[in-house]
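# Structural features, examined
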Amino acid sequence: MDLGLNGRVALVAGGSSGLGLAAAMELAREGAHVAIGARDPGRLAEAGRRLKEVARGHVHTTVVDITDEAAARRWVGDVAADLGALHVVLVNGGGPPIGTASRFEPSEYRQAVDRVLLPAVTLALAALPHLRAARWGRLLFVTSETASVPVAQLALSGVTRAAVVRFAQSLATEVGRDGITVNVLAPAATRTPMVERAAAKLAGDGGDPEAELRAMGRHNALGRIATPEEFAAVAAFLAGERASFVTGVIHLIDGGASVTGAEPDHLTSATKDTYT
Ligand SMILES: NC(=O)c1ccc[n+]([C@@H]2O[C@H](COP(=O)([O-])OP(=O)(O)OC[C@H]3O[C@@H](n4cnc5c(N)ncnc54)[C@H](OP(=O)(O)O)[C@@H]3O)[C@@H](O)[C@H]2O)c1
């Protein structure tokens, strides 16, 4: 299936690892010119090398911290100038720490907003003039399943991802007539370097990280966690021409976790007649 991305210019924030790199690879394979940005120069260079192996278009790499508003804006402008246009922007980056609502100080809420919401706003606003000039655009925000489903232990993620959703939805109504769609990607546990590191920490010395990774997916309908490529396939479709009538939507990529529901003991052990 041709996604209609040949020759498009795509900018992928947080594109040197995990979900962002997988999406960048998929866009590059589809013939898009791809610009990735991240902070660590070594990892960025390695990601650039991998992209060049599959790309038909240009590959552009920039060391950038997207929480630095001026640097993020400059990056967007440079990519549009160097590659001649901008059509697809995938906003991705770091996530906030884990914990329930009362475990964080107000300053930690502020840091989470700075890390998650404000880069999304900055990159989108910087990109808009370029997307409008092209009369065609795709804005994609990588969030988390917490954008759609409350997870008590992920309070900061939920607060900031929900804010990104409302930003994206408001923007979608504003820019639709300019040929621009805006969508939110809401992944659940996916086997990225970040999740592999978490599994190793959970397993501890002598433990089995693979067992931890299996446990992370046990509750969803498919019984396993995702691969980055499964996430990237959805991202690339939404970035392409064929998703032209899809906007303002949260796209869960969660293996059906949102529909399996909780299975508390009193329901698991109940029979058809228990509650009649
Ligand atoms: N993997 C999952 O299971 C999962 C599930 C739900 C949500 N998410 C969310 O999806 C996002 C990506 O996760 P991942 O698993 O792909 O993580 P990852 O493998 O650690 O990749 C994160 C990428 O973002 C970049 N990045 C982080 N902070 C940045 C900043 N301030 N400026 C520029 N680039 C930055 C990183 O590069 P540098 O560190 O070099 O900057 C890296 O390229 C995170 O927000 C995560 O919370 C992930």
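The text that follows walks through the structure, step by step, so that each part is easy to find. (Residues numbered from 1 in each chain as written. Predicted model: local features only at pLDDT ≥ 70, side-chain atom pairs only at ≥ 80, totals over all residues. Heavy atoms only, no water.)

### Thoughts on the environment of Asp-273
Note that Asp-273 resides in the segment after helix 10 (265–268). Asp-273 sits in the exposed class, given a relative accessible area of 57%. Counting along the chain gives 106 residues from Asp-273 to Phe-167, while the straight-line C-alpha distance between them is 46 Å. (Helix = DSSP H or I, 4+ residues; strand = E, 2+ residues; numbered from the N terminus. Buried < 20%, exposed > 50% of the residue type's maximum accessible area, 1.4 Å probe, protein only.)

### A short note on helix 8 (residues 228–239)
Between the first and last C-alpha of helix 8 there are 16 Å, a value that for 12 residues agrees with the 16 Å anticipated at 1.5 Å per step. Listed as buried for helix 8 are Pro-228, Phe-231, Ala-232, Ala-235, Ala-236, Leu-238 and Ala-239. The arc that holds every buried residue of helix 8, seen down its axis, measures 160°, which confines them to one face. The secondary structure elements touched by the buried residues of helix 8 are helix 1 (18–29), strand 4 (88–91), strand 5 (137–142), strand 6 (180–187) and strand 7 (250–253). (Expected span 1.5 Å × (residues − 1). Arc of directions from axis to C-beta. Contact = heavy atoms within 4.5 Å.)

### Notes on the sheet that holds strand 5
The 7 strands are arranged 3-2-1-4-5-6-7 in an open sheet whose pairing can be described as parallel. The sheet is open, and its two borders are formed by strand 3 (59–63) and strand 7, each paired with just one other strand. Adjacent strand axes in the sheet meet at a mean angle of 15°, parallel and antiparallel pairs treated alike. Here 4 bridges tie strand 4 to strand 5, and the two strands are oriented parallel to one another. Counted as the bridge partner of Val-91 is Phe-141 from strand 5. Helix-sheet contacts for helix 4 (residues 106–134) involve strand 1 (9–13), strand 4, strand 5 and strand 6, and the interaxial angle to strand 5 is about 170°. Its contacts with the sheet place helix 5 (residues 155–175) against strand 5, strand 6 and strand 7, and it is angled at close to 160° to strand 6. (Pairing = 2+ DSSP bridges. Axes fitted to C-alpha atoms, helices over the stretch in contact; angles between N-to-C directions.)

### Some remarks on the side chain of Asn-183
With respect to the element layout, Asn-183 can be found in strand 6. A polar side-chain atom of Asn-183 sits 3.5 Å from the main-chain amide nitrogen of Val-249. With residues up to four places along the chain from it excluded, the contact list for Asn-183 reads Leu-139, Leu-140, Phe-141, Leu-238, Val-246, Thr-247, Gly-248, Val-249 and His-251. (Polar contact = N/O pair within 3.5 Å; in protein donor to acceptor, adjacent residues only side chain to side chain.)

### Regarding the nonpolar core
In this structure, Leu-86, Leu-139 and Phe-141 are the most contacted members of the largest nonpolar core, which totals 39 residues. Of all elements in the fold, only strand 1, helix 3 (69–83), strand 4, helix 4, strand 5, helix 5 and strand 6 reach the threshold of two or more residues within this core. If one sorts the elements of this core by residue count, helix 4 sits on top with 10 residues. In this view, Leu-86 contacts Val-9, Leu-11, Val-76, Val-79, Ala-80, Ala-127, His-130, Leu-131, Ala-134 and Trp-136; residues no more than four positions away in its chain are not counted. (Core = buried A, V, L, I, M, F, W, Y, C linked by side-chain atoms within 4.5 Å.)

### Regarding the site of the ligand
Surrounding the ligand, one finds 30 residues, the nearest of these being Ser-16, Ser-17, Arg-39, Thr-190 and Thr-192. Here Arg-43 contributes a side-chain N or O atom positioned 3.0 Å from an oxygen atom of the ligand. Between the ligand and Thr-190, the relevant distance is 2.7 Å, taken from an oxygen atom to a main-chain nitrogen or oxygen of the residue. Relative to its free-state accessible area of 880 Å², the ligand is covered by the protein chains to the extent of 91%. Only helix 1 and helix 6 (193–203) provide two or more residues apiece to the shell around the ligand. Counting residues per element, the shell around the ligand draws most heavily on helix 6, at 4 residues. (Near = heavy atom within 4 Å. Areas by Shrake-Rupley, 256 points an atom, 1.4 Å probe, with all protein chains shown as cover.)

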